Amino acid sequence: MGLVLAHDTLYLTVTDDPHALKPRSFQTASSLRSSRLRRLQVNHFSSIGYKMDWQGQKLAEQLMQAMLVAFAIVAFIAGYALESFQTMLLIYAAGVVLTSLITIPNWPFFNRHPLKWLDPSEAEKHPKPQPASSGPKKKASKKAN
Amino acid sequence: MHSFGYRANAFLTFAITILAVICAMASVSDYFNSPSPTSQVQVLNINWFQKKPDGDDEVSLTLNISANLQSLFTWNTKQVFVFLAAEYETPKNSLNQVSLWDGIIPSKEHAQFWIHITNKYRFIDQGSNLRGKNFNLTLHWHIMPKTGKMFADKIVMSGYRLPEVYR
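Residues numbered from 1 in each chain as written. Chains lettered and ligands numbered in written order. Predicted model: local features only at pLDDT ≥ 70, side-chain atom pairs only at ≥ 80, totals over all residues. Heavy atoms only, no water.

The name recorded for chain B in an unreviewed UniProt entry is Signal peptidase complex subunit 3, from Sesamum alatum. UniProt lists a comment for chain B under the heading Subcellular location (unreviewed entry), and it reads "Endoplasmic reticulum membrane". (UniProt positions renumbered as here; feature names shortened; annotations may be inferred.)

Per an unreviewed UniProt entry, chain A goes by the name Signal peptidase complex subunit 1 and belongs to Sesamum alatum. On record in UniProt, under Subcellular location (unreviewed entry), the comment for chain A is "Endoplasmic reticulum membrane". We quote the UniProt Sequence similarities (unreviewed entry) comment for chain A here in full: "Belongs to the SPCS1 family."

The following block contains the structure:
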């Protein structure tokens, strides 16, 4: 479920993604159309400039934690066995650098489950609901006075 | 995890926390080390033994210090600070400790040593109590870790005695 602002009215939208409870950005119908056209022109690595999708974020977090813990365990065992503190620190530092290169940038494999936003033409099919009464508008004008 | 900055911050915090954990584990591993150091000191000569003009006794010794402190070193040891102290009792003080020599041992290879020196620091009493005094020579050490707790211990060698008269 999600919300789309189109024609100055909020619409409910439906997606399959269970993590998409509240989207963080709203787009008007016109900008949706233009951004879709923009996406068709870009190449495969364009995801670097955009945000990760929800599944990608979960993968990035889990991958980051698992890799750091794994490298820490390997580093400690290697350092203890070789009786070298420096070995432990070097292996861990290499693990930190590798993990940062894999999990921090927005690689394409973090965007394999993009959110399916409601198509703007769908929004137009559903009529704009009429306001229940003109009461709120009258109160607003009274406050202005 | 929705932006580069968010991920970078979470990653850095977690990485540093994990680093603290492995350093703590390295420090705990020091408790499993059971060291067996040995040492021996010979007083080869009393060079001179005088009462200073201000009333305090002073003695100069030539010492032969040999020790094997290799078992003190672990993978988490940065260096070992070692010093030799003369310890004795006077009517005024129940324990007098005068440091005669110290040194820093940077690695296991240097931990087995034999030196022939006069005392590096002056052996001056607080008063005039040293004639005929029995004293211990105690080798103290501080094991300084790379991370974590510093351990200190000592070996007491007794049976040393200063002359009855000044020389």
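Picking up after the structure, the text goes on.
With that out of the way, let us pick up the overall build of chain A. For chain A, the helix and strand inventory stands at 5 helices and 2 strands. In chain A, which comprises 145 residues, the proportion classed as buried is 30%. Long-range contacts, defined here as pairs at least 24 residues apart, represent 65% of the contacts in chain A between residues at least 6 apart. For chain A, the accessible surface area stands at approximately 10300 Å², while carbon and sulfur atoms represent 63% of it. (Helix = DSSP H or I, 4+ residues; strand = E, 2+ residues; numbered from the N terminus. Buried < 20%, exposed > 50% of the residue type's maximum accessible area, 1.4 Å probe, protein only. Contact = heavy atoms within 4.5 Å. Areas by Shrake-Rupley, 256 points an atom, 1.4 Å probe, with all protein chains shown as cover.)

Residues and elements named next belong to chain A. Under the UniProt annotation, the feature "transmembrane region" (unreviewed entry) is placed at residues 63-82 and 89-110. Across residues 63-82, helical content stands at 100% and strand content at 0%; the span's end C-alpha atoms are separated by 28 Å. Along residues 89-110 one finds 68% helix and 0% strand; the C-alpha atoms at either end are 30 Å apart.

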